[in-house]
2 protein chains.
Amino acid sequence: MFVEITAGTQPKEPALLHDLNEPLIEHAEGQLFLTETFKIILEEVLCKGTDVKEKVCEWKEPEELAVLLDLELRDTGEPQGKLLKRVKDVAKYSIKTSHPRFFNQLFAGVDYHSMAGRFLTEALNTNLYTYEIAPVFVLVEAEVLRGMHRLVGWTEGDGIFCPGGSISNMYAMNLARYQLFPEIKSRGLWGLPRLTIFTSAESHYSVKKGAALLGIGTDHVILVKVDDGGRMIPEDLEEKIKLAKSEGSVPFLVSCTSGTTVKGAFDPLDHIANLCEKYMLWMHVDAAWGGSVLFSSKHRHLMKGVDRANSVAWNPHKMLVAGLQCSALLLRDTTNLLKRCHSASATYLFQQDKFYDVNLDTGDKSVQCSRKVDCLKLWLMWKAVGSAGLEARVDKAFIHARYLVEQMKKREDNSHLILKSQIFNFFMEACGTMMVGYQPQENRVNFFRVVAFSPLISQKDMDFFLNEIERLGKNM
Amino acid sequence: MFVEITAGTQPKEPALLHDLNEPLIEHAEGQLFLTETFKIILEEVLCKGTDVKEKVCEWKEPEELAVLLDLELRDTGEPQGKLLKRVKDVAKYSIKTSHPRFFNQLFAGVDYHSMAGRFLTEALNTNLYTYEIAPVFVLVEAEVLRGMHRLVGWTEGDGIFCPGGSISNMYAMNLARYQLFPEIKSRGLWGLPRLTIFTSAESHYSVKKGAALLGIGTDHVILVKVDDGGRMIPEDLEEKIKLAKSEGSVPFLVSCTSGTTVKGAFDPLDHIANLCEKYMLWMHVDAAWGGSVLFSSKHRHLMKGVDRANSVAWNPHKMLVAGLQCSALLLRDTTNLLKRCHSASATYLFQQDKFYDVNLDTGDKSVQCSRKVDCLKLWLMWKAVGSAGLEARVDKAFIHARYLVEQMKKREDNSHLILKSQIFNFFMEACGTMMVGYQPQENRVNFFRVVAFSPLISQKDMDFFLNEIERLGKNM
């Protein structure tokens, strides 16, 4: 005896006799629901959500929002109409990150080809671990990685898409220490000398998080001084390497940053590469934010020397608007280090007697088992606009940034961008019309971090931003 | 001077003069492309892809497929028509994991409400780290976790969605050792005694992968014997704990399995919980595959004792058909262990002077920074069919499994399910009509792993499976 609740309908008879011959899901009804949802997405998220006349967010306090959303999960299902209302509500109360006035994070904007790739990925719902189960995606991932390798300046190499830049950085750490001490995989850190990592004081927090997770410990992440522009000072790096060695530690990794999180600084890679060669250290470049400058013939000089790195983490979901999550770890290695370091050779998945080249089974390169397909959206977007189109996006981001800085200087008398602790009120009032991030910085209590890289925005959006800051500043 | 390549159109004049007032993306055109893509998804992936008269896959050798897809990334973009052809090709040559004859992996099938949630998530494109940037999703995640907690048998607790079950298991490992030795976060493993993990010989390979990544080493994962059903033998566990202690190691974690990858076995949790209490070990349950039985009043006895665990990893993207990726780590802890263990307190993101309760900013509970929203699809699906509907899916999966076993016994003379090394030929012929996994097992060279949990399938799909095996077996 079996109880069936037909998907999505309020059951009139809660306990229908079930027949094994009947699947639980009704396709026509389901596809209709999906079609209606698509219309809502188009109207509420993509049309209204990118319209400057509409709000960036419909701000609600958590308690109020919880009530509005009617979050509770119950025993019985709900009718389609009610569920569509839920879809609308989720859209309504979510932040419109594609809105031209969303300046809050290192992601923003929308690319429709990427989004088409994302919908297609979701619909095809597969796992990127074997060719057998993901033939198209295995090949697409390899091609996208090849394209990124070329931009780094490598003719060959290895790589993998990871769930975010922090994980990409952790992969690099794990590879670096495995290369130095392969026995670590089986024996662990016991019996080995203390390993130390070097990174700038302005680097992303994932370096410390990674050191903690990998059992290295945050104390063994040595922070190197930065110059006024936020760039790592190579002389200080060398001094700290020497000091660590003199204290009996084993330096094994320098994690450089191309595009720091707050100031957008680029570490001097060529300089650092000299030191990494001299002291035989793995050179990793966290280019999660800045990597996309490699598309630009005008700006790629910021990463001069990147081809000398051992690994590069690069998130196209940031400056290139590929959509979350899209982060690649690129490796110069050609010795299958990634697989040697991470493989567990599970026989139920990575059988060696397959009738195709098992090197196409990428799953054992990953510390994950299930791995979402994050490459198709980037491939489709890249196909759509070409490398030249992506170059244009990067160049435009730089033009925006320059324009903003110039305008701020002109308006310096009227608007003080350092607003002290009234920041809360500011945010609440500003939220509807725009969103901008802030950050305590040195002696200033709060400093605005305006992120203006979206290909969607134009001069008038930046003028709007400056006018809003002035207006809100005066009203305080 | 600035070069613009309009998104997706073959530029007639490659170098247009760029105006800061013009965004790079044309919304109407983009939305049209997305709409056309949606139609292709509906037709090719969802209608044909679930039709038993259509193939599960259009198998191509890698070299041939690479040519068919025209993978190369070029400098210039492509016209919309060509891009839509690409969308069609990706759909055509991908495996139809929603097809009723796809028996290959621990995921399969389609749920349209979940898919609606996934499309909405993609369109809203945000990051699950602060309430400010993801107000709806922060609340939805908390509610879904509450629902899962209740099913485990906890009235409170903590948790987080991770990118896959392997990462969920690694989180549990990291939390367990941090609870025992909090200084590990800053000082690393040096100076600490050898830590050991216990798990069954049939457990998932991610336990070893995690031990390697965390610096513990695979040698310190002690494999406990299993009985004929693939379940961990508690007596052997106790012996091995004692042995490890006598050798100077510090046991800290038992990773039990609810639903092993190959045999689907459930470890005796209550028994193991007794030992974990006796020896003061963290009890983790890898219920990535089996966790969904908690919805079923008929089958939840398989996980009796789970409420005594410290942590549970559970992937609704498997038996519940929520779509990849959807994996929750659930914790009994109420002392904010997750945040204490993983926080880096980055001031640019997790400001403490916000005007809402900063405990809603979940980002510092994660080892990631960017974290994809994986909860909305599950919430919407759960709302759609209710707990009773999800219970029905689980119960149906068990009925399917029983039916298959009975039928196999009846047909034992005709079909030998152990096909030896001709497996390659078998796979190639079978691929078009169905997909099934295999695995070397003990003295049998290959054993079929039939995964029959999709709510889409019916008795005739299983009959088809059995007939196909017979037919192909005879033709060999």
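Residues numbered from 1 in each chain as written. Chains lettered and ligands numbered in written order. Predicted model: local features only at pLDDT ≥ 70, side-chain atom pairs only at ≥ 80, totals over all residues. Heavy atoms only, no water.

Per an unreviewed UniProt entry, the recorded name for chain A is Cysteine sulfinic acid decarboxylase-like, and the organism is Echeneis naucrates. Regarding chain A, the UniProt comment filed under Subunit (unreviewed entry) reads as follows: "Homodimer." (UniProt positions renumbered as here; feature names shortened; annotations may be inferred.)

Draft legend 1. Layout of the packing of aromatic side chains. Within the structure shown, the criterion is met by 14 aromatic pairs over all chains. Here the aromatic rings of F38 of chain A and F38 of chain B are separated by 4.3 Å at their centres, their planes lie at 5°, and the arrangement is stacked. A residue pair is termed interchain when its members come from two chains, as with F38 of chain A in helix α1 (residues 27-47) and F38 of chain B in helix α1 (residues 27-47). Using a relative accessible area of 4% as the deciding quantity, one classes F38 of chain A as buried. Here the aromatic rings of Y356 of chain A and W59 of chain B are separated by 6.1 Å at their centres, their planes lie at 40°, and the arrangement is tilted. One end of the pair, Y356 of chain A, is in the loop between α11 (337-342) and α12 (376-410); the other, W59 of chain B, is in the loop between α1 and α2 (62-69), on a second chain. Overall, W59 of chain B belongs to the buried group, its relative accessible area being 17%. (Phe/Tyr/Trp six-rings, centres within 6.5 Å; stacked < 30°, edge-to-face > 60°. Helix = DSSP H or I, 4+ residues; strand = E, 2+ residues; numbered from the N terminus. Buried < 20%, exposed > 50% of the residue type's maximum accessible area, 1.4 Å probe, protein only.)

Draft legend 2. Focus on the relation of the copies chain B and chain A. If you rotate chain B by 180° and push it 0.0 Å along the axis, it lands on chain A with an RMSD of 0.0 Å. Taken together, these values place the two copies in the relation of a two-fold axis. Looking at the rotation axis and the C-alpha trace of chain B, the residue lying nearest is L214 of chain B, at 2.1 Å. The fraction of interface residues of chain B whose copies in chain A are also interface residues reaches 99%, indicating that both copies meet through the same surface. (Least-squares fit on C-alpha atoms with pLDDT ≥ 70 in both. Contact = heavy atoms within 4.5 Å.)

Draft legend 3. Just the UniProt feature "modified residue: N6-(pyridoxal phosphate)lysine" (unreviewed entry) in chain A, in detail. When the UniProt feature table is mapped to this numbering, "modified residue: N6-(pyridoxal phosphate)lysine" (unreviewed entry) covers K318 of chain A. On the secondary structure map, K318 of chain A appears in the loop between β9 (311-314) and β10 (327-331).

Draft legend 4. Representation of the sheet that holds strand β5 (residues 195-200) of chain B. Residue and element names in this part refer to chain B. The seven strands lie next to each other as β4-β10-β9-β8-β7-β5-β6, forming an open sheet whose pairing is mixed. What marks the edges here is a single partner per strand, and that holds for β4 (158-162) and β6 (221-224). Geometrically, the sheet is characterised by an average inter-axis angle of 20° between neighbouring strands, direction not taken into account. (Pairing = 2+ DSSP bridges. Axes fitted to C-alpha atoms, helices over the stretch in contact; angles between N-to-C directions.)

Draft legend 5. Examining the environment of M115 of chain B more closely. With respect to the helices, strands and loops of the structure, M115 of chain B is situated in helix α4 (residues 112-124). Sequence separation between M115 of chain B and F266 of chain B is 151 residues, and the spatial gap between their C-alpha atoms is 30 Å. Residues contacting M115 of chain B, with those up to four places away along its chain left out, are L34, E122 and A123 of chain A together with L46 and V110 of chain B.

Draft legend 6. Region of interest: the nonpolar core. Ranked by size, the top nonpolar core spans 218 residues in total, and within it V285 of chain A together with V285 of chain B carry the most contacts. Those residues in contact with V285 of chain A, other than ones at most four positions away along the chain, are C256, S258, L269, M303, V306, A309, S311, V312 and A313 of chain A. With 64 residues, the next largest nonpolar core counts L175, L214 and C341 of chain A together with L329 of chain B among its residues. (Core = buried A, V, L, I, M, F, W, Y, C linked by side-chain atoms within 4.5 Å.)

Draft legend 7. Inspection of the pattern of salt bridges at higher detail. In the structure shown here, the tally under the stated rule is 52 salt bridges over all chains. A salt bridge links K209 of chain A to D364 of chain B, with the nearest nitrogen and oxygen atoms 3.1 Å apart. Here K209 of chain A, found in helix α8 (residues 206-213), pairs with D364 of chain B, found in the loop between α11 (337-342) and α12 (376-410), and the two come from separate chains. E277 of chain A is the salt-bridge partner of R308 of chain A, the closest N and O atoms lying 3.1 Å from each other. Of this pair, R308 of chain A sits in the loop between β8 (282-286) and β9 while E277 of chain A sits in helix α10 (residues 269-279), placing them 31 residues apart in sequence. Salt bridges sharing common partners tie together D70, E72, R74, E78 and R86 of chain A together with K383 of chain B. (Salt bridge = Lys/Arg side-chain N within 4 Å of Asp/Glu carboxyl O.)

Draft legend 8. Seen up close, the environment of L349 of chain B. The residue L349 of chain B is located in the loop between α11 and α12 in this model. Along the primary structure L349 of chain B and A142 of chain B are separated by 207 residues, whereas in three dimensions their C-alpha atoms are 20 Å apart. If we ignore the near neighbours within four places in the chain, the residues touching L349 of chain B are Q105 and Y205 of chain A together with Y129, T130, K354 and C369 of chain B.

Draft legend 9. Representation of the interface of chain B and chain A in the model. Across the boundary between the two partners, chain B contributes 181 residues, which contact 180 residues of chain A. Buried surface at the junction of chain B and chain A, both sides included, amounts to about 16,100 Å², of which 66% is carbon and sulfur. Where E122 of chain B meets R118 of chain A, a salt bridge forms, and the shortest distance between an N and an O atom there is 2.5 Å. Inspection of the chain B/chain A interface yields 67 residue pairs in polar contact (both at pLDDT 80 or more). Examining the composition of the side of chain B that touches chain A, we find that 18 residues originate from one element, α12 of chain B, more than from any other. Class assignment of the residues belonging to the side of chain B that touches chain A gives a composition of 96 nonpolar, 51 polar and 34 charged. (Buried area = accessible area lost by both parts, 1.4 Å probe. Polar contact = N/O pair within 3.5 Å; in protein donor to acceptor, adjacent residues only side chain to side chain. Nonpolar A, V, L, I, M, F, W, Y, C, P; charged D, E, K, R; others polar.)

Draft legend 10. Quick peek at the pairing of β8 of chain A. All names here are of chain A. Within β8, five of the five residues are buried, leaving the element largely enclosed by the surrounding structure. Residues W282, H284 and D286 point to one face of β8 and M283 and V285 to the other, with burial holding for every one of them. Bridge analysis of strand β7 (residues 250-257) against β8 gives five bridges, and the strand direction is parallel. Within β8, the residue paired with L253 across the bridge is W282. In the classification by handedness, the crossover that spans β7, the intervening α10 and the parallel β8 is right-handed. Relative to β9, β8 runs parallel, the two being bridged by three bridges. From the neighbouring strand, D286 faces β9, where its bridge partner is A313. (Right-handed = clockwise from strand over helix to strand, strands pointing away.)

Draft legend 11. Spatial organisation of helix α5 (residues 135-152) of chain B. Residues and elements named next belong to chain B. Across its 18 residues, α5 extends 26 Å between first and last C-alpha, which sits within 8% of the 26 Å expected from 1.5 Å per residue. With respect to burial, α5 is a largely interior element, 15 of its 18 residues being buried. Just beyond α5, the residue with positive phi is G153, at close to 110°. (Expected span 1.5 Å × (residues − 1).)

Draft legend 12. Structural detail: the packing of helix α2 (residues 62-69) of chain A against α5 of chain B. Taken N-terminus to C-terminus, the directions of α2 of chain A and α5 of chain B make an angle of 70°; their axes are 10 Å apart at the nearest point. When the axis of α2 of chain A is compared with that of α5 of chain B, the two are roughly perpendicular. Contacts between α2 of chain A and α5 of chain B involve P62, L65, A66 and L69 of chain A on the former and, on the latter, P135, V136 and L139 of chain B. Each residue belonging to the contact of α2 of chain A with α5 of chain B can be placed in one class, and the counts come to seven nonpolar, no polar and no charged. (Parallel < 35°, antiparallel > 145°, perpendicular 65-115°, else oblique.)

Draft legend 13. Broad picture of the state of the cysteines. The tally for this structure, following the rule as stated, stands at zero disulfides over all chains. Of all cysteine sulfurs in the structure, the one in C375 of chain A sits closest to C326 of chain A, which takes part in no disulfide; the separation is 8.2 Å. Not engaged in a disulfide, the cysteine C47 of chain B finds its nearest cysteine sulfur in C57 of chain B; these two sulfurs lie 20 Å apart. The partly exposed category is assigned to C47 of chain B, whose relative accessible area is 31%. (Disulfide = S-S within 2.5 Å.)

Draft legend 14. A look at the sheet that holds strand β4 (residues 158-162) of chain A. Residues and elements named next belong to chain A. Taken in spatial order, the seven strands of this open sheet run β4-β10-β9-β8-β7-β5-β6, and their pairing is mixed. Each end of this open sheet is capped by a strand with a single partner; those strands are β4 and β6 (221-224). Taking the axes of each pair of neighbouring strands and ignoring which way they run, one obtains an average angle of 20° across the sheet. Looking at chain direction, β9 and β10 are connected through four bridges and run antiparallel. The partner of A313 across the bridge, within β10, is L329. The sheet strands contacting α8 are β5 (195-200), β6 and β7, and the helix crosses β6 at an angle near 165°. Running over the sheet, α10 touches β7 and β8 and is turned about 155° from β8.

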